[in-house]
Amino acid sequence: MLPGCGKFYHGECAASHGPTVPLNRAFRCPLHACLSCFITNPTNPSVSKGQLTRCIRCPVAYHANDYCIPAGSVTLTDNNIVCPNHFTPRKGCRNHEHVNVSWCFVCSEGGSLLCCESCPAAFHRECLNIDMPEGSWYCKKKKKKKKKKKNIKAESNSLYFNYISLEEAAVRFKELQAEKELRQLQEDRQNHKKPPPYKHIKVNKPIGKVLIISADLSEIPRCNCKATDENPCGMDSECINRMLLYECHPQVCPAGERCQNQCFTKRQYCQVEIFRTLSRGWGLHCVHDIKKGGFVNEYVGEVIDEEECRARIKHAQENNIGNFYMLTLDKDRIIDAGPKGNEARFMNHSCQPNCETQKWTVNGDTRVGLFALTDIPAGTELTFNYNLECLGNGKTVCKCGASNCSGFLGVRPKNNPPSDDKGRKMKRKSQMKRKSQQEVIKEREDECFSCGDGGQVVSCKRPGCPKVYHADCLNLTKRPAGRWECPWHQCDLCGQEAASFCEMCPSSYCVEHRDGMLFISKLDGRLSCSEHDPCGPEPLEPGEIREYPPELMTTYPINFIRVHWAQIVKDWPPQSPVEKNCCQTYNVPETY
């Protein structure tokens with residue numbers, strides 16, 4: 001429909017391109033919109049603005065700058081390119097060779113991999129549960145001739161494998177992303193864009209069968225504060241209601257009108273402003289200073305039950321709605337500040353927040369307030385930890401920028417190092433003490449735990465277990481797929497959860513079968529099964545159990561004794577209070 005274009009399309013062909021825009025009885029073809037900007041934000045008005053350069057072989061266009069033109073494009077003129085869709089690798093040219101990763105996309109382990117011919121992906125045949133294909137194989141089960149590019153960014157990233165190193169690509173990508181976000185922020189400010197519409201409410205609104213509880217005056221607790229106190233029921237007072245997160249009632253509190261524990265009822269909120277952040281959408285910052293422990297705002301919205309919550313989440317997933325404002329009130333009720341709420345709905349997540357949520361009892365009902373964790377100067381963005389519970393395998397990337405950022409919402413933040421001088425000394429001392437241990441401990445061992453040889457091994461997926469094995473040593477006919485746990489965690493006799501382990505082989509036993517199956521090696525004090533014969537000065541015979549003092553045997557369980565005496569033998573003299581107590585109580589000499 002645009003004059004001067006002159007391009008014709010089949011209806012199905014035009015509809016197959018995302019940037020196509022239907023207008024009345026006509027349409028605007030994809031040659032008049034930047035594909036990179038459209039993929040980033042389809043609603044961005046700048047998609048069709050500015051100078052565009054077009055591919056001469058397909059209906060694809062980009063802004064004529066380094067931010068939008070994909071890697072691998074061949075520039076012909078200022079207005080014409082050949083996009084990477086038509087890239088043909090030449091034999092003998094190293095930069096044109098296809099590259100695949102050396103680990104499985106499902107289990108993240110190496111080994112014999114099935115590589116895709118159209119992208120860097122690689123998989124174990126066992127993880128996909130398919131037979132070994134003949135000839136070329138594509139992870140999306142599409143033939144190469146019929147393959148169409150659906151995501152220009154994914155293909156552009158794969159071309160970075162050919163042109164520059166991964167490290168340089170990551171640095172350059174972050175730079176371009178920051179510049180693009182800055183330009184987007186400037187455009188939003190120039191256009192005076194406002195936050196997405198919502199209805200502002202002052203108190204929680206129940207929906208459906210949900211009820212707002214209201215207590216009788218006789219049921220509301222009475223504090224011991226007096227009206228003559230300097231700050232009755234204040235932050236620095238000893239008000240029992242404030243300590244128990246109860247708000248005083250104006251008709252019950254002895255302090256009367258001077259009571260300072262009625263922030264929810266009187267809506268004593270801090271003055272805040274909504275602003276546009278650089279990379280996290282809209283946010284909230286304070287206009288004046290806020291003291292530690294101060295009441296910032298109440299989280300207000302529609303109060304719904306679990307059934308309505310599921311229905312709203314399903315509707316959001318079906319309509320590609322990615323922003324959620326739900327917060328759990330109690331086991332039966334949820335606050336949804338999406339359609340209706342107040343300024344608190346704009347507070348962003350942070351792994352190192354300056355605010356926290358607290359559940360207070362106000363007039364018999366539970367309400368959620370946001371309180372300052374530290375002294376917050378004016379102009380600082382207000383954040384709190386969402387403590388998001390992620391459903392499924394999808395994870396939302398965290399962009400808080402904190403030093404202890406976990407990288408994803410719902411993942412526990414990393415521990416921050418202590419900031420005081422004493423803490424730094426303690427940290428430095430502990431690092432020096434454990435330096436030798438960190439050099440030895442590995443996340444995964446290199447040799448098979450069964451035979452001790454290297455090679456192609458499978459690893460245990462149980463958290464904290466470093467053991468690896470040959471598939472042949474475990475009598476496995478194929479590589480185990482999914483969350484597989486090694487036999488070290490099951491009893492050899494009954495298959496139940498193991499409680500005691502041989503430290504020299506995969507033998508292990510449960511509580512019922514461990515007695516008489518393990519002994520302590522005199523060589524190094526480790527628990528061993530009967531298959532291992534230690535070579536100390538007084539070697540134990542296979543299956544022999546070392547004798548203990550009779551009084552010790554009757555006081556402590558046998559395996560408790562084994563564990564602690566093994567530690568004593570290994571690190572003599574005894575270190576822990578339990579070990580010292582054992583030695584002092586039973587007069588154990590150093591030569592024992």
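Residues numbered from 1 in each chain as written. Predicted model: local features only at pLDDT ≥ 70, side-chain atom pairs only at ≥ 80, totals over all residues. Heavy atoms only, no water.

### A closer look at the nonpolar core
Item 1. Ile290, Val296, Tyr299, Met347, Cys355, Ile376 and Leu382 are the most contacted members of the largest nonpolar core, which totals 25 residues.
Item 2. Contributing elements (two or more residues each) for this core: strand E12 (282–286), strand E16 (334–341) and strand E19 (365–372).
Item 3. When near neighbours in sequence (up to four residues on either side) are disregarded, Ile376 contacts Cys286, His288, Asp289, Ile290, Asn354, Cys355 and Leu382.
Item 4. Counting residues in each nonpolar core, the second largest holds 13 residues, with Cys34, Leu35, Val47 and Cys83 among its members. (Core = buried A, V, L, I, M, F, W, Y, C linked by side-chain atoms within 4.5 Å. Buried < 20%, exposed > 50% of the residue type's maximum accessible area, 1.4 Å probe, protein only. Helix = DSSP H or I, 4+ residues; strand = E, 2+ residues; numbered from the N terminus. Contact = heavy atoms within 4.5 Å.)

### So, the sheet that holds E19
Item 1. Ordered in space as E13-E19-E18, the three strands form an open sheet in which the pairing is antiparallel. Each edge of the open sheet is held by one strand with a lone partner, namely strand E13 (295–298) and strand E18 (355–362). Between one strand axis and the next, the sheet turns by 35° as a mean value, whatever way the strands run.
Item 2. Pairing of E18 with E19, which is carried by eight bridges, proceeds in the antiparallel orientation. Bridging from a neighbouring strand, Gln358 pairs with Gly369 of E19. (Pairing = 2+ DSSP bridges. Axes fitted to C-alpha atoms, helices over the stretch in contact; angles between N-to-C directions.)

### Digging into the environment of Phe8
Item 1. Its location among the elements puts Phe8 in the segment before helix H1 (11–15).
Item 2. Exposure remark for Phe8: the relative accessible area of 80% places this residue in the exposed category.
Item 3. Here the alpha-carbon distance between Phe8 and Cys29, two residues 21 residues apart in the chain, equals 9.0 Å.

### Some thoughts on the environment of Arg367
Item 1. One can find Arg367 in strand E19.
Item 2. Apart from residues lying up to four places away in sequence, Arg367 is in contact with Asn204, Phe264, Glu298, Leu329, Gln358, Lys359, Trp360 and Val362.
Item 3. Within the structure, Arg367 has its side chain in polar contact with the side chain of Glu298 (distance 2.8 Å). (Polar contact = N/O pair within 3.5 Å; in protein donor to acceptor, adjacent residues only side chain to side chain.)

### A closer look at the side chain of Glu247
Item 1. With respect to the element layout, Glu247 can be found in the loop between helix H6 (240–243) and helix H7 (263–266).
Item 2. No salt bridge is formed by the buried Glu247; the nearest opposite charge belongs to Arg367, separated by 5.7 Å.
Item 3. Separated by 3.2 Å, the side chain of Glu247 and the backbone nitrogen of Cys263 make a polar contact.
Item 4. A distance of 2.7 Å separates a polar atom in the side chain of Glu247 from the backbone nitrogen of Phe264.
Item 5. Excluding anything up to four places from it in sequence, Glu247 contacts Asn261, Gln262, Cys263, Phe264, Thr265, Trp360, Thr361 and Val362. (Lys, Arg positive; Asp, Glu negative; His and termini not counted. Salt bridge = Lys/Arg side-chain N within 4 Å of Asp/Glu carboxyl O.)

### Overview of helix H8 (residues 306–318)
Item 1. Here H8 contains 13 residues, and its C-alpha end-to-end distance of 18 Å stays within 8% of the 18 Å for a straight helix at 1.5 Å per residue.
Item 2. For H8, the full list of buried residues reads Cys309, Arg312 and Ala316. Here the buried residues of H8 occupy an arc of 65° about the axis, which is enough to place them on one side. Turned more than 90 degrees away from the buried face of H8, the exposed residues are Glu307, Arg310, Lys314, Gln317 and Glu318.
Item 3. Those residues of H8 that are buried lie in contact with strand E14 (301–304), strand E15 (326–328) and E16.
Item 4. Two residues or fewer past H8, Asn320 is found with a positive phi of approximately 55°. (Expected span 1.5 Å × (residues − 1). Arc of directions from axis to C-beta.)

Read these as geometric descriptors, not functional statements.
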